[in-house]
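# Descriptive analysis of the structure
The lines below spell out each chain.
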Amino acid sequence: MEKVYYVYIHRGNDGIPYYVGMGKNNRAHTFKGRSHQWHIAVYKNGFNVTFVKDGLSQEEAFKLEKETIADLRNNGVELVNATEGGLGRLQKGQSFWPKGKKRPPEFCRALSGR
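Residues numbered from 1 in each chain as written. Predicted model: local features only at pLDDT ≥ 70, side-chain atom pairs only at ≥ 80, totals over all residues. Heavy atoms only, no water.

### Remarks on the pattern of salt bridges
Applying the stated criterion to the full structure yields 3 salt bridges. For Lys63, the salt bridge goes to Glu67, with nearest N and O atoms at 3.1 Å. Of this pair, Lys63 and Glu67 both sit in helix H2 (residues 58-74), 4 residues apart, which is roughly one turn of the helix. With relative accessibility at 54%, the residue Lys63 sits in the exposed group. For Glu84, the salt bridge identified is with Arg73, shortest N-O distance 2.8 Å. Here Glu84 is found in the loop between H2 and helix H3 (105-112), whereas its partner Arg73 is found in helix H2, with 11 residues between them in sequence. (Salt bridge = Lys/Arg side-chain N within 4 Å of Asp/Glu carboxyl O. Helix = DSSP H or I, 4+ residues; strand = E, 2+ residues; numbered from the N terminus. Buried < 20%, exposed > 50% of the residue type's maximum accessible area, 1.4 Å probe, protein only.)

The structure is reproduced here in structure tokens:
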């Protein structure tokens, strides 16, 4: 079992978390494959990486990612994560925007390409 995975948090310049992820290699530092909402959070807040834990198996990383997301959300932190973590993936047609939350104007502009 490869223990090359880690769990990380993206924080703004104020230290407040806005995203939790898991990965290996350079995933924590890449801008590729991120949602529009994530890019807006980076633009508005800055980009700083904090590692929660490394040297994990993929299964351990999925579990810790889910726990970290749940802990932060339970403490009132608003994350841009589209799912609850782990193997959670959006189903076809499922929106990544939280239900009942209004999209900010800058997000709508970013989606429309203006």
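### Digging into the packing of aromatic side chains
Under the definition given, this model contains 6 aromatic pairs. A ring pair is formed by Trp38 and Phe47, whose centres lie 5.9 Å apart and whose planes are at 80°; its orientation type is edge-to-face. In this structure Phe47 comes out as partly exposed when scored by relative accessible area, which is 24%. Each residue in the set Tyr6, Tyr8, Tyr19 and Phe51 is aromatic and connected to the rest through ring pairs, giving one cluster. (Phe/Tyr/Trp six-rings, centres within 6.5 Å; stacked < 30°, edge-to-face > 60°.)

### Let's talk about the nonpolar core
Counting residues in hydrophobic clusters, the biggest one holds 13 residues, and the most contacted among them are Val7, Val20, Met22, Leu56, Ala61, Leu72 and Leu79. Counting residues per element, the ones that place at least two in this core are strand E1 (5-11), strand E2 (17-23) and H2. Of the residues forming this core, the biggest block, 5 residues, is contributed by H2. In this structure, Tyr8, Tyr19, Ala41 and Val42 belong to the second largest nonpolar core, which totals 9 residues. (Core = buried A, V, L, I, M, F, W, Y, C linked by side-chain atoms within 4.5 Å.)

### A few points about the sheet that holds E2
One open sheet holds the 3 strands; their spatial order is E2-E1-E3, and the pairing between them is antiparallel. The sheet is open, and its two borders are formed by E2 and strand E3 (48-56), each paired with just one other strand. Between one strand and the next, the sheet's axes are offset by a mean angle of 15°, whatever the strand orientation. Here E1 runs beside E2; their pairing, made up of 6 bridges, is antiparallel. Across the sheet, the residue bridging to Arg11 is Pro17, located in E2. Its contacts with the sheet put helix H1 (residues 36-45) on E1 and E2, and the angle it makes with E2 is roughly 125°. Set on the sheet, H2 makes contact with E1, E2 and E3; between it and E2 the angle comes to about 170°. (Pairing = 2+ DSSP bridges. Axes fitted to C-alpha atoms, helices over the stretch in contact; angles between N-to-C directions. Contact = heavy atoms within 4.5 Å.)

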